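For reference, the chains in residue letters:
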Amino acid sequence: VIDSARELDRRLFQLETLYEIGRECARVHSAPQVLEVILSMLMGAFGATRGLAFIGDHHGQVEAICQRGGSADPTGLAEAYLSGSAGLDSPEYEVGVALHVDELTHGAIGLGPRLTGAAYSAQDRELVEAIVVNACAYLHNVKLIDALGRKVRALAVVNEIAVGMATHPSARRLHGFLLERVARALEADQATLSLRDARGEMVMAARYASTDGQHAPSAHEVLVPLREGELWLSRPSVFSTEERALVDLLARQCGVILENSRLFETFLTQQQEQFRLRGMLEQYLAPSVADRLIRGQTPPTLQGMRLPVSVLMVDIRGSTHLINQVEPELMVSLLNDYLGRMTDILFAFEGTIDKFEGDALLGFFGAPEAHADDAVRAVKAAVEMHIAFADLVRTWAPRHPHCATLGIGIGIATGDVVVGNIGSAKRLEHTIIGPPVNLAARLTAKAPAGAVHLDASTWAAAADALDFSACSRPRRARYIRAKGFRDPVRVYRLEVGA
Amino acid sequence: MPHELSTRVRDVPPLVVLDLSGEVTTFAQEPLMRAYREASERGAENILLNLSAVDYLNSAGIAAIIGIISEARKADQRVLLTGLTPHYQTVFDMMGLTTYAPLFESEEAARVAVASA
């Protein structure tokens, strides 16, 4: 009766282990710790002096191992068992029970001889098996929690990647950043990102190697195609189906980000080129014309092209006298004010600047964009220039009385010129060449302050469209002798503010 | 820390006493082994495990104590027990531990028994 009572007590104590394992497992959070709890509880419940527990994959890779009371390294035994090449028939372990954790993970628990030397009964073995089957649920749960944690970390990586885009503008840094984040999320110890180059050949864009010390050779790898390349990850433990799906998800996101990055870089390059070009063009073109030229809406005239244009030249009357009266610095300041205003007006009518020569400005209307009313624009610009210059003089005069008598003369000639880059390979100038250029210069030279001299072609093209509210209407043509022209030149004089 | 086990090693010739306090569970294995090794380094031949301040002990804790008894047997040392509650006395007895680690009512009783042996 006493023996039966003791046996019953022992069985109750061993059954309590079922409950106790749950209580202990609730206090730990990793598979190795759960394994340690299960093994130590079983050893205590059955009085074993030696015990071994391990889990891993079907390829023989050990995920967690726990040994108590043994002296030899049990890793080889565990690997052989996991890969299926050996059972748990070691003489060191009198009871061996398989652990089935999930589709990818299995293992075993072995109990060695008891302290009392008593053999394990059939009932003992059944009870060990029952306890192990129950305990597997805790291993399964802790692995699920671990997997969930990995997913949460991976989702955090997805978010981090999106945020990191803003701070990794260069493609090279972005490649390294993406690869490192994905590798860490998947706990890979090695990873590469390869992308196709311009010739379509796969080139390694980034490489990642974990810095957590020396690793066992990576037995498991995953290769995911990207839109323009591929992502390769490797680690010692097997990738679960869910992890592979996660790699696919991250790879897709990486593909989109890399494509966006490539487009962004292309856009930036184009923008830089446009800014450079715009800076150049806006030195002699109206911003609106420069914009249309950059966008390709206006064909460039870099090669010499023969085009009808209206050439306008404006020059200050009395500037030679002024130069002798004022300091050079003041003269420069006045000229900058004046040329700035004249340029603004020229651009307002979408004229193009050819060059500045001292206090003269040479511009033209009709290239690179031709308008049906280029001659009219030129004349209207000339009238505006006179009005603006009068304003300037009123501004200057109180402080600089020498300016009070200043005025400008303007000449406009219309006809064919050649527009294009002229010069040598080292220095090119976008300019116009042709008789209207010379004629405009001669007409300007003969124009007194407040006057606009138009050649016959300009007058014929513009007269009907002018309202003469701001200038006088010429009653008749004049004839002037102009250097370089054999015959007297017919001129129409408009007077502004007369 | 709920798992924590505190140990103290005392010389009470001819004993070396290991005072255990707290919980003797799965994670008692390491501190218990450390205390045992310290006692061994002091040349202990008779090691008394004093469990009077143990709040909780489960089968994993028993496994840890079995570990010490096994190690002591290999090293020709004797392990003695004291401070067990009646419940744990029953458990230790039923598991056959008291055969290999005799149980004493008190530290003094263990000391006298060893001294007079």
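Everything discussed here concerns the structure shown above.
Residues numbered from 1 in each chain as written. Chains lettered and ligands numbered in written order. Predicted model: local features only at pLDDT ≥ 70, side-chain atom pairs only at ≥ 80, totals over all residues. Heavy atoms only, no water.

1. Here's the deal with the overall build of chain B
Our working rule: Think of it this way: any DSSP run of H or I at least four residues long counts as a helix, any run of E at least two long counts as a strand, and we number them from the N terminus. Residue burial is assigned from relative accessible area. The probe radius is 1.4 Å, only protein chains are included, and a residue is buried under 20% of its type maximum, exposed over 50%, and partly exposed in between. By the convention used here, residues are in contact when the closest approach between their heavy atoms is within 4.5 Å. The Shrake-Rupley method, run with a 1.4 Å probe, gives the accessible areas here. Residue values count only the displayed protein chains as cover.
Check the secondary structure of chain B and you find five helices and five strands. In chain B, the succession of helices and strands from N to C terminus is β-β-α-β-α-β-α-α-β-α. Looking at chain B residue by residue over its 117 residues, the buried ones come to 56%. Counted over contacts in chain B with a minimum sequence separation of 6, partners at least 24 positions apart contribute 68%. With the model as given, the accessible surface of chain B reaches about 5,200 Å², and the carbon-plus-sulfur share is 47%.

2. Describing the overall build of chain A
Counting its regular elements, chain A contains twelve helices and 16 strands. Within the span of chain A, comprising 498 residues, buried residues form 48% of the whole. Across chain A, contacts joining residues at least 24 apart in sequence account for 63% of those joining residues at least 6 apart.

3. Remarks on empty space enclosed by the protein
Residue and element names in this part refer to chain B. The cut-off we apply is this: Grid points spaced at 1 Å over the protein atoms alone were grouped into cavities, where a 1.4 Å probe fits but cannot get out, and pockets, open sets with protein on both sides within 12 Å along at least five of seven lines, with lining residues defined by an atom within 4 Å of a point. Grid points are joined across faces, edges and corners, and a volume is the space filled by probe spheres set on the points. Asp, Glu, Lys and Arg are counted as charged, while Ala, Val, Leu, Ile, Met, Phe, Trp, Tyr, Cys and Pro are counted as nonpolar; the rest, among them Gly, fall into the polar class.
One pass over the structure, following the stated rule, counts one cavity of 30 Å³ or more. Considering only enclosed or pocket space, the largest cavity measures out at about 40 Å³ in volume. Around the largest cavity, the lining residues are Leu51, Val54, Leu57, Gly83, Leu84, Thr85 and Tyr88. Grouping the amino acids of the lining of the largest cavity by side-chain chemistry returns five nonpolar, two polar and no charged.

4. So, the pairing of strand β3 (residues 46-57) of chain B
Residues and elements named next belong to chain B. To keep things clear, this is the line we draw: For two strands to be treated as a pair, DSSP must find no fewer than two bridges joining them. Here, the term right-handed applies to a crossover whose path from the first strand over the helix to the second runs clockwise when the strands point away from the viewer.
Where burial is concerned, most of β3 is hidden: nine out of the twelve residues are buried. Pairing of strand β2 (residues 15-24) with β3, which is carried by eight bridges, proceeds in the parallel orientation. Directly across from Leu18, in β3, lies its bridge partner Leu49. Running through helix α1 (residues 29-41), the crossover from β2 to the neighbouring parallel element β3 is right-handed. As defined by bridge partners, β3 adjoins strand β4 (residues 78-82) across five bridges and the pair is classed as parallel.

5. As for the pattern of salt bridges
Selection criterion: Any carboxyl oxygen of Asp or Glu that lies within 4 Å of a side-chain nitrogen of Lys or Arg is treated as forming a salt bridge with it.
According to the stated counting rule, one finds 25 salt bridges over all chains in the structure shown. One salt bridge connects Arg68(A) with Glu36(A), and the closest N-O pair in it is separated by 3.2 Å. On the criterion of sequence distance, the pair formed by Arg68(A) in strand β2 (residues 62-68) and Glu36(A) in helix α2 (residues 31-46) is long-range, its members being 32 residues apart. The exposure class assigned to Glu36(A) is partly exposed, which follows from its relative accessible area of 22%. Note that Glu108(B) and Arg111(B) form a salt bridge whose closest N and O atoms lie 2.8 Å from each other.

6. Some words on the sheet that holds strand β4 (residues 106-111) of chain A
Residues and elements named next belong to chain A. Heads up, the condition is: To get an axis, fit a line to the C-alpha atoms, keeping to the stretch in contact for a helix; angles then go from 0 to 180 degrees between the N-to-C directions.
As summarised here, the arrangement of the four strands in space is β2-β1-β4-β3, forming an open sheet in which the pairing is antiparallel. A strand with exactly one partner marks an edge of an open sheet, and here the two such strands are β2 and β3 (95-100). On average, adjacent strands in this sheet sit at an angle of 10 degrees to one another, irrespective of strand direction. The pairing of β3 with β4 spans six bridges and is antiparallel. Looking at β4, one finds that His100 is bridged to His106.

7. Looking at the layout of surface pockets
Residues and elements named next belong to chain A. Volume-wise, the largest pocket comes out at about 860 Å³. Lining of the largest pocket is provided by 34 residues; of these, Glu63, Lys143, Asp146, Arg150 and Glu243 occupy positions nearest its centre. The set of elements that each furnish at least two residues to the lining of the largest pocket consists of α2, β2, α4 (122-164) and α6 (241-281). Broken down by element, the residue count for the lining of the largest pocket peaks at eight residues, all from α4. The residue makeup of the lining of the largest pocket, split by class, is eleven nonpolar, ten polar and 13 charged.

8. Description of the sheet that holds strand β1 (residues 5-12) of chain B
Where strands meet in a sheet, backbone hydrogen bonds hold them as pairs that are either parallel or antiparallel. All names here are of chain B. Read from one edge to the other, the open sheet built from five strands follows the order β1-β2-β3-β4-β5, with strand pairing classed as mixed. Both outer strands of the open sheet, β1 and β5 (103-104), are each paired with one neighbouring strand and no more. Against the sheet, α1 contacts β1, β2 and β3, and its axis sits at roughly 15 degrees relative to β1. Each of β2, β3 and β4 is contacted by helix α2 (residues 59-74), which is oriented at about 175 degrees to β3, the strand it contacts most.

9. Describing the interface of chain A and chain B
We apply this condition: When two components associate, each loses some accessible surface as probed by a 1.4 Å sphere; the sum of these losses over both components is called the buried area. Counting of polar contacts relies on pairs of N or O atoms within 3.5 Å, with two restrictions inside protein: one atom must be capable of donating a hydrogen and the other of accepting it, and residues adjacent in sequence are counted only when both atoms are side-chain atoms.
Residue-level contacts link 26 residues of chain A with 26 residues of chain B. In total, chain A and chain B occlude about 2,200 Å² of area from one another, counting both sides; carbon and sulfur atoms represent 58% of this. Considering only the side of chain A, the residues that lose the most area to chain B are Phe13(A), Arg27(A) and Leu115(A), jointly responsible for 31% of the buried surface there. Here chain A and chain B share one salt bridge between them. A salt bridge links Glu23(B) to Arg27(A), with the shortest nitrogen-to-oxygen separation between them at 2.8 Å. Taken together, the links from chain A to chain B amount to nine residue pairs in polar contact (both at pLDDT 80 or more). Among the secondary structure elements, those contributing two or more residues to the side of chain A that touches chain B are α1 (2-25) and α2 of chain A. Sorting elements by how many residues they give to the side of chain A that touches chain B places α2(A) first, with nine residues. Residue composition of the side of chain A that touches chain B, by class: nine nonpolar, eight polar and nine charged.

10. Some remarks on the packing of aromatic side chains
Heads up, the condition is: Side-chain rings of Phe, Tyr and Trp, where Trp is taken by its six-membered ring, are said to pair if the distance between their centres is within 6.5 Å; with planes under 30 degrees apart they count as stacked, over 60 as edge-to-face, and otherwise as tilted. Criterion for a charge above a ring: Arg CZ or Lys NZ at most 6 Å from the ring centre, at most 35 degrees from the ring normal.
One pass over the full model with this rule turns up five aromatic pairs over all chains. Between Trp459(A) and Phe468(A), the aromatic rings sit 6.0 Å apart at their centres with planes inclined by 45 degrees, giving tilted as the arrangement. Neither residue differs from the other here; Trp459(A) and Phe468(A) are each classed as buried. Ring geometry for Trp459(A) against Tyr492(A): centres 4.8 Å apart, planes inclined by 10 degrees, an arrangement best described as stacked. Placement of the pair is Trp459(A) in helix α12 (residues 456-462) and Tyr492(A) in strand β16 (residues 489-495), with a sequence separation of 33 residues. Residue classification places Trp459(A) among the buried residues on the basis of a relative accessible area of 13%. You can call Tyr492(A) buried: its relative accessible area is 10%. Taken together through their ring pairs, the aromatic side chains of Tyr338(A), Phe389(A) and Trp396(A) make up a single cluster. Directly above the ring of Tyr56(B) sits Arg23(A), whose terminal nitrogen or CZ lies 4.3 Å from the centroid. When the ring centre of Tyr120(A) is taken as reference, the NZ or CZ atom of Arg114(A) above it lies at 4.6 Å.

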